[in-house]
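Structure at a glance
Residues per chain are reported as follows:
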Amino acid sequence: MRQFTAVVNPTAGGSSGAAALLQVARVLREAGAELETEYSRSLAHAQDIARAAGERGRVVLAVGGDGIAGAIGGALSGTDTVFGLVPAGRGNDFARALGLPSDPEALARLLFDGRPRPVDTIEVRSAAHDRTVALGSVYAGIDALANRHANQARLLRGAASYYAGGLRAVTTWRPVDYRVTLDGQEQTVRGYTVVAANSAFYGSGRMIAPGARVDDGLVDVVMIREAPRRLFFTIMNELKSGAHVGRPEVQVLRGREIRIESDRPVPYGIDGEVDAVLPVTAKVLPGALKILH
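Residues numbered from 1 in each chain as written. Predicted model: local features only at pLDDT ≥ 70, side-chain atom pairs only at ≥ 80, totals over all residues. Heavy atoms only, no water.

Moving on, we get to the overall build of the chain. Assigned secondary structure in the chain consists of eight helices and 15 strands. Taking 293 residues into account, the globule formula puts the C-alpha radius of gyration at 19 Å, and the chain, at 18 Å, falls close to it. Burial analysis of the chain (293 residues in total) assigns 57% to the buried set. For the chain, contacts bridging at least 24 residues in sequence account for 72% of all contacts bridging at least 6. Element-wise, carbon and sulfur atoms account for 49% of the exposed surface of the chain, whose accessible area totals about 12,500 Å². Averaging the coordinates of the 34 positive side-chain charges in the chain and doing the same for the 31 negative ones gives two points 4 Å apart. (Helix = DSSP H or I, 4+ residues; strand = E, 2+ residues; numbered from the N terminus. Rg over C-alpha atoms; globule rule 2.2 N^0.38 Å. Buried < 20%, exposed > 50% of the residue type's maximum accessible area, 1.4 Å probe, protein only. Contact = heavy atoms within 4.5 Å. Areas by Shrake-Rupley, 256 points an atom, 1.4 Å probe, with all protein chains shown as cover. Lys, Arg positive; Asp, Glu negative; His and termini not counted. Charge placed at Lys NZ, Arg CZ, Asp CG, Glu CD.)

As structure tokens, this is what we get:
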């Protein structure tokens, strides 16, 4: 019998986490699974719950958005604990990258019958994060500022909040001089953003790195260089399809370890959470997390 501990972020997606879990839990229990539910007070508390459940041999489910998915997945990276997602947040980008079904019954069947598969995680180090582990991406620049605005939005949800946050960020943004060191090779970039992507998606379905794969042992590094503001809005719209990577202002590289520095304080984000500024170092941990997908 598969035993689950579901860790719920009660604020994710407008308090929809508990509602999303109810539908999945019913199918799991009908199939014969045993499930317990824990409500987290913070991301750190969610990590503590997850570690304790993993030590008891339980499958840990993160119920919420990319923030709690990244926090719990990061806490379980490098362990034998099996991890699963019940998407119920604003963005759900890592779930999207995994191709998880949106239908609760189909998702429950996958969680009950599926076999865990290894995926990569990203070790992140900086002055603010002595060591943390991310799932989806580390992004520095205008997108981190837009993400911060989206997180503060009260009336908008999903992609609309990210688009509004992006508009607000662009109006005050000045290009940054970045120094990017990828696997020991250094280059300078003047522009809008640098993203180290394990997952193709961020910002509620925006395909920042169409070629990124969660199990290839690499991050895709996407750099958007300085461009006229009106062209940046065009590039922002092209993120819906990934067409932006064909533009000369966009450069995509691949590697295992990246350090991002800047000529002024620039915010960076990790899996939907923005609480620090550059510099930051990100390193791929190949196959470090066992996940049902």
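It is worth spelling out empty space enclosed by the protein at this point. Tallying each qualifying case throughout the model produces two cavities of 30 Å³ or more. In this structure, the second largest cavity spans a volume of roughly 50 Å³. Lining the second largest cavity are Ala-62, Gly-64, Gly-65, Asp-66, Ala-69, Leu-85, Pro-87, Asn-92, Phe-94 and Ala-95. Only β3 (59-64), α3 (66-76), β4 (82-87) and α4 (93-98) provide two or more residues apiece to the lining of the second largest cavity. Residue composition of the lining of the second largest cavity, by class: six nonpolar, three polar and one charged. (1 Å grid on protein atoms, 1.4 Å probe; cavity = no way out; pocket = protein on both sides within 12 Å on 5 of 7 lines; lining within 4 Å. Points joined across faces, edges and corners; volume = space filled by probe spheres on them. Nonpolar A, V, L, I, M, F, W, Y, C, P; charged D, E, K, R; others polar.)

Before going further, it helps to spend a moment on the packing of aromatic side chains. As enumerated under the stated definition, the model contains two aromatic pairs in all. Judged by centre distance (5.6 Å) and plane angle (85°), the ring pair of Tyr-139 and Tyr-202 falls under edge-to-face. Taken together, the residues Tyr-139 in strand β7 (residues 137-141) and Tyr-202 in the loop between β9 (185-197) and β10 (219-225) connect sequence positions 63 residues apart. Tyr-202 carries the same exposure label as Tyr-139, and that label is buried. (Phe/Tyr/Trp six-rings, centres within 6.5 Å; stacked < 30°, edge-to-face > 60°.)

Throughout the structure, instances matching the rule amount to 15 salt bridges. One salt bridge connects Glu-30 with Arg-26, and the closest N-O pair in it is separated by 3.5 Å. Taken together, the residues span about one helical turn, with Glu-30 and Arg-26 both in helix α1 (residues 17-30) at a distance of four residues. Taking the shortest distance from any N to any O, the salt bridge between Arg-56 and Glu-36 comes out at 2.5 Å. Of this pair, Arg-56 sits in the loop between α2 (43-55) and β3 while Glu-36 sits in strand β2 (residues 34-39), and the two are 20 residues apart along the sequence. (Salt bridge = Lys/Arg side-chain N within 4 Å of Asp/Glu carboxyl O.)

Let's shift gears to α3. By the criterion of burial, α3 is predominantly enclosed, with 11 of the 11 residues buried. Considered for burial, the residues of α3 that qualify are Asp-66, Gly-67, Ile-68, Ala-69, Gly-70, Ala-71, Ile-72, Gly-73, Gly-74, Ala-75 and Leu-76. Gly-78 sits one or two residues past α3 and shows a positive phi near 85°.

Turning our eyes to something else, we now look at the side chain of Thr-121. Looking at the element boundaries, Thr-121 is found in strand β5 (residues 116-126). For Thr-121, a relative accessible area of 0% translates into the label buried. Side chain to side chain, Thr-121 and Ser-77 meet in a polar contact 2.9 Å long. Once you skip the residues sitting within four places of it in the chain, Thr-121 turns out to touch Ser-77, Val-133, Ala-134, Leu-135, Asn-198, Lys-283, Val-284, Leu-285, Ala-288 and Leu-289. (Polar contact = N/O pair within 3.5 Å; in protein donor to acceptor, adjacent residues only side chain to side chain.)

With that settled, consider the pairing of strand β14 (residues 273-277). Pairing analysis gives four bridges linking strand β13 (residues 267-270) to β14, with the strands arranged antiparallel. Across the sheet, Tyr-268 pairs through a bridge with Ala-276, a residue of β14. Linking β13 back to β14 in an antiparallel pair, the connection comprises two residues, with Asp-271 at a positive phi of about 50°. (Pairing = 2+ DSSP bridges.)

Across the interface, α2 lies against α3 with an axial gap of 9 Å and an inter-helix angle of 45°. Looking at the two axes, α2 sits oblique to α3. With respect to the hand of their crossing, α2 and α3 are arranged in right-handed fashion. From α2, Leu-43, Ala-46, Gln-47, Ala-50 and Arg-51 reach across to α3, where they touch Gly-67, Ile-68, Ala-71, Ile-72, Ala-75 and Leu-76. (Axes fitted to C-alpha atoms, helices over the stretch in contact; angles between N-to-C directions. Parallel < 35°, antiparallel > 145°, perpendicular 65-115°, else oblique. Left-handed = near helix turned anticlockwise from the far one by under 90°.)

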